[in-house]
Amino acid sequence: SSMIKDFLEKFPRTGLEMRVTGTVVQQVNVIHAVTEGLVSSLALALAVIALIMLAVLRSVGIGLLSLIPNLFPLILNFGIMGLLRIPLDTSTALIAVVALGIAVDDTIHFLTEYNIQRKCGLPRGSALEQVMMQKGMAIITTSLILCVGFGVLVFSNFVPTFYFGLLSAIVMLTALAGDVLLLPAIMHWKKNGGLIQNFGKKG
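What you see is a predicted model, and the numbers here were worked out from it, not measured in a lab.

Rules behind the numbers
- Residue positions within a chain follow its written sequence, with the count starting from 1.
- A pLDDT threshold of at least 70 governs which residues receive local features in this predicted model, and a stricter bar of 80 or more applies before side-chain atom pairs are shown or counted, although totals over entire chains, interfaces and linings include all residues.
- Note that the side-chain values use all heavy atoms of the structure and ignore hydrogens as well as water.
- Secondary structure elements follow DSSP: runs of H or I no shorter than four residues count as helices, runs of E no shorter than two count as strands, and numbering proceeds from the N terminus.
- We call a residue buried when its accessible area falls under 20% of the maximum for its residue type, exposed when it is over 50%, and partly exposed in between, using a 1.4 Å probe and counting protein chains only.
- Residues are treated as being in contact if the distance between any of their heavy atoms lies within 4.5 Å.
- For every accessible area listed, the method is Shrake-Rupley and the probe measures 1.4 Å; residues are considered covered only by the protein chains on display.
- Under this definition, polar contacts are N or O atom pairs within 3.5 Å; protein pairs additionally need one hydrogen-donor-capable and one acceptor-capable atom, and for neighbouring residues in sequence, both atoms have to be side-chain atoms.
- Note on definitions: the grid is 1 Å and covers protein atoms alone; a cavity is a set of points where a 1.4 Å probe fits but cannot get out; a pocket is an open set with protein on both sides within 12 Å along at least five of seven lines; lining residues have an atom within 4 Å of a point.
- Grid points are joined across faces, edges and corners, and a volume is the space filled by probe spheres set on the points.
- In the scheme used here, Gly and all other residues not listed as nonpolar or charged are polar, with Ala, Val, Leu, Ile, Met, Phe, Trp, Tyr, Cys and Pro taken as nonpolar and Asp, Glu, Lys and Arg as charged.
- Here the axes come from fitting lines to C-alpha atoms, over the contacting stretch only for helices, and the angles between their N-to-C directions go from 0 to 180 degrees.
- In these notes the angle categories are as follows: under 35 degrees is roughly parallel, over 145 is roughly antiparallel, 65 to 115 is roughly perpendicular, and the rest is oblique.
- Excluding any residue in a salt bridge, patches collect residues exceeding 30% relative accessible area, merging like charges within 9 Å and nonpolar Val, Leu, Ile, Met, Phe, Trp and Tyr side chains within 5 Å.
- Take a side-chain nitrogen of Lys or Arg and a carboxyl oxygen of Asp or Glu: if they are within 4 Å of each other, that pair is a salt bridge.
- The span expected for a helix works out to 1.5 Å for each residue beyond the first.
- Take the seven residues that end at a residue and the seven that start at it, fit an axis to each, and the angle between those axes is the bend at that residue.

## Brief notes about the overall build of the chain
Each helix and strand counted, the chain has seven helices and zero strands in total. Ordered by position from the N terminus, the helices and strands of the chain form the series α-α-α-α-α-α-α. By the burial criterion, 37% of the 203 residues in the chain qualify as buried. Pairs at least 24 residues apart make up 69% of the contacts formed inside the chain by residues separated by at least 6 positions. Counting every atom, the chain has about 12,000 Å² of accessible surface; 68% of that belongs to carbon and sulfur.

## Describing the side chain of Arg 118
Inspection of the secondary structure assignment puts Arg 118 in helix 5 (residues 92–119). A distance of 3.3 Å separates a polar atom in the side chain of Arg 118 from the backbone oxygen of Leu 122.

## Observations concerning empty space enclosed by the protein
Here the structure, examined in full by the defined rule, presents one cavity of 30 Å³ or more. In this model, the largest cavity occupies a volume close to 30 Å³. Surrounding the largest cavity, Ile 102, Ala 103, Asp 106, Ser 143, Leu 146, Met 172 and Ala 175 form its lining. Listing elements by their share of the lining of the largest cavity, those giving two or more residues are helix 5, helix 6 (124–151) and helix 7 (159–188). By residue number, the principal contributor to the lining of the largest cavity is helix 5, which donates three residues. When the residues that make up the lining of the largest cavity are grouped by side-chain class, the tally is five nonpolar, one polar and one charged.

## Some words on the packing of helix 6 against helix 7
In helix packing, the relevant descriptors are the interaxial angle and the interaxial distance, both defined with respect to the helix axes. Closest axis-to-axis distance for the helix 6/helix 7 pair is 9 Å, and the angle between their directions is 175 degrees. The angle between helix 6 and helix 7 places the two elements in the roughly antiparallel class. Listed contacts from helix 7 to Arg 124, Gly 125, Leu 128, Met 132, Ile 139, Ile 140, Ser 143, Leu 144, Leu 146, Cys 147, Phe 150 and Gly 151 of helix 6 are Phe 164, Gly 165, Ser 168, Ala 169, Met 172, Leu 173, Leu 176, Val 180, Pro 184, Met 187 and His 188. Residue composition of the contact of helix 6 with helix 7, by class: 16 nonpolar, six polar and one charged.

## What about a nonpolar patch on the surface?
A surface patch of nonpolar side chains, about 360 Å² in accessible area, is lined by Leu 51, Leu 54, Val 60 and Leu 64. Elements that contribute at least two residues to the nonpolar patch include exactly helix 2 (23–57) and helix 3 (60–65). The exposed category is assigned to Leu 51, whose relative accessible area is 57%.

## Points about helix 5
End to end, helix 5 covers 41 Å across 28 residues, agreeing with the expected 40 Å (1.5 Å per residue, within 8%). The largest bend along helix 5 measures about 25 degrees and falls at Leu 100.

## Details of the environment of Pro 160
If you trace the backbone, Pro 160 turns up in helix 7. With a relative accessible area of 24%, Pro 160 lands in the partly exposed category. In this structure the C-alpha to C-alpha distance between Pro 160 and Pro 87, which are 73 residues apart in sequence, comes to 9.6 Å.

## Things to note about the side chain of Asn 70
Note on placement: Asn 70 falls in helix 4 (residues 68–83). Of the residues examined, Asn 70 reaches a relative accessible area of 2% and is grouped as buried. A distance of 3.3 Å separates a polar side-chain atom of Asn 70 from the backbone nitrogen of Val 104. Not counting residues up to four positions away in its chain, the partners in contact with Asn 70 are Leu 100, Ala 103, Val 104 and Thr 107.

See the structure below:
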């Protein structure tokens, strides 16, 4: 539409008002609105989640670390959408925000239990082991139930509903992997002077 507007600017239009319209223009405007809304809502949600984690757990390290396993499924979700050429529309745009709100629940349980174990004096490895023993089965069960619940929507003949169910189920599984595989792996990763090395020492 910008090219058309630039083209029209070259012609005299005294007393005339020209406006580009049509189905294609409307679709482009909708896509722009959906994209801008998605970016702003995700940024706001991540900021609020980080602030809540900082306030509840009183640790900058934990607050920042909580974002990693929740960004992982979202990034993978958009990658799968691009690979399968699934359009970003009003239904698929909802997946990221909805999934983030659901997936962060397991992260909170994991990190809260980890924080408790560290305050009891357990070293990092033993604390992570206790977290998996105490919360692991609940996290896995919850994620699988959510995956099945959203997965039922793939039987719908309505394409937006099908995509919503498929992608939401995938996000639930990748969020599970982020919490039980990626998050502990990052917490084991040591880097001199880095954030992860000092993670959890302040409670």
